[in-house]
Amino acid sequence: MESPSDRIATNLRKGVLEYCVLALLSERDMYGLELANALMERGLSASEGSLYPLLARMREGGAVDTRWEQPAESGGTRPRRYYAITDRGRELLFVFAGIWRGLAAEVDTLISDVVDRPDAEENA
């Protein structure tokens, strides 16, 4: 059985994963496994299995574009699909950032009022 903290973290990650991908791609183009590793290192994604369907939806929605490349270090044997943020993706990321900052500030205010109360540990 999944713990309440695991369930909450999973739901939050799912809600922001698309924008975390866009933020990473705003720095540079990346291939799928590279994106998956960057997200996993930050604790933002549990698996590649959740990333690839998301990338497909983002591509269909115009937020990312792709290209195939033969990486030099692999001897040209296995092409990689690189993902790049589009102008539409940058627009979505910019809108998300504004909403996230306002939302995060309001949530922080609400939960700090609860967590900082003297009786907070008794209610946990």
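For the structure, check the block above.
Just so we're clear, the structure is a prediction, and the values are computed from it rather than from any experiment.

J.: How should helix H2 (residues 32–41) be read in this particular structure?
T.: Since the α-helix turns once every 3.6 residues, residues separated by three or four places project in the same direction. Where H2 is concerned, the buried positions are Gly32, Glu34, Leu35, Ala36, Ala38 and Leu39. The inward-facing, buried residues of H2 abut helix H1 (4–27), strand E1 (30–31), helix H3 (48–60) and strand E3 (80–85). The positive-phi residue at the C-terminal boundary of H2 is Gly43, with phi of around 70 degrees.

J.: When you look at the side chain of Thr86 in this model, what are you seeing that I'm missing?
T.: Structurally, Thr86 is set in the loop between E3 and helix H4 (87–115). Residue classification places Thr86 among the buried residues on the basis of a relative accessible area of 18%.

J.: In this structure, what is going on with the sheet that holds E3? I would like to understand it.
T.: Judged by pairing direction, the sheet is antiparallel, and its three strands sit side by side in the order E1-E3-E2 without closing on themselves. Looking at the sheet topology across the chains shown, the edges are occupied by E1 and strand E2 (64–69). For E1 and E3, the ladder comprises two bridges, and the chain directions are antiparallel. Residue Met30 lies in a different strand from E3, and its bridge partner there is Tyr83.

J.: Would you explain the side chain of Glu34 in this entry?
T.: Mapping Glu34 onto the fold places it in helix H2. Once you skip the residues sitting within four places of it in the chain, Glu34 turns out to touch Arg28, Asp29 and Tyr82.

J.: Got a minute to help me understand the packing of aromatic side chains in this structure?
T.: Centre distance and the angle of the planes are the two values used to describe a pair of aromatic rings. Counting across every chain of the model gives three aromatic pairs. A ring pair is formed by Tyr19 and Phe96, whose centres lie 4.2 Å apart and whose planes are at 0 degrees; its orientation type is stacked. Of this pair, Tyr19 sits in helix H1 while Phe96 sits in helix H4, and the two are 77 residues apart along the sequence. Assessed through its relative accessible area of 19%, Phe96 is described here as buried. Taking the centre distance of 5.7 Å and the plane angle of 25 degrees together, the rings of Phe96 and Trp100 count as stacked. Of this pair, Phe96 and Trp100 both sit in helix H4, separated by four residues, roughly a single helical turn. Taking the relative accessible area as the measure of exposure, Trp100 reaches 41% and is therefore partly exposed. Ring pairing ties together the aromatic residues Tyr19, Phe96 and Trp100, which thus form one cluster. Here the guanidinium or amino end of Arg80 rests over the ring plane of Tyr31, the centre of that ring lying 4.1 Å away.

Each value, and the rule that gives it
Residues numbered from 1 in each chain as written. Predicted model: local features only at pLDDT ≥ 70, side-chain atom pairs only at ≥ 80, totals over all residues. Heavy atoms only, no water. Buried < 20%, exposed > 50% of the residue type's maximum accessible area, 1.4 Å probe, protein only. Helix = DSSP H or I, 4+ residues; strand = E, 2+ residues; numbered from the N terminus. Contact = heavy atoms within 4.5 Å. Pairing = 2+ DSSP bridges. Phe/Tyr/Trp six-rings, centres within 6.5 Å; stacked < 30°, edge-to-face > 60°. Lys NZ or Arg CZ within 6 Å of the ring centre and 35° of its normal.

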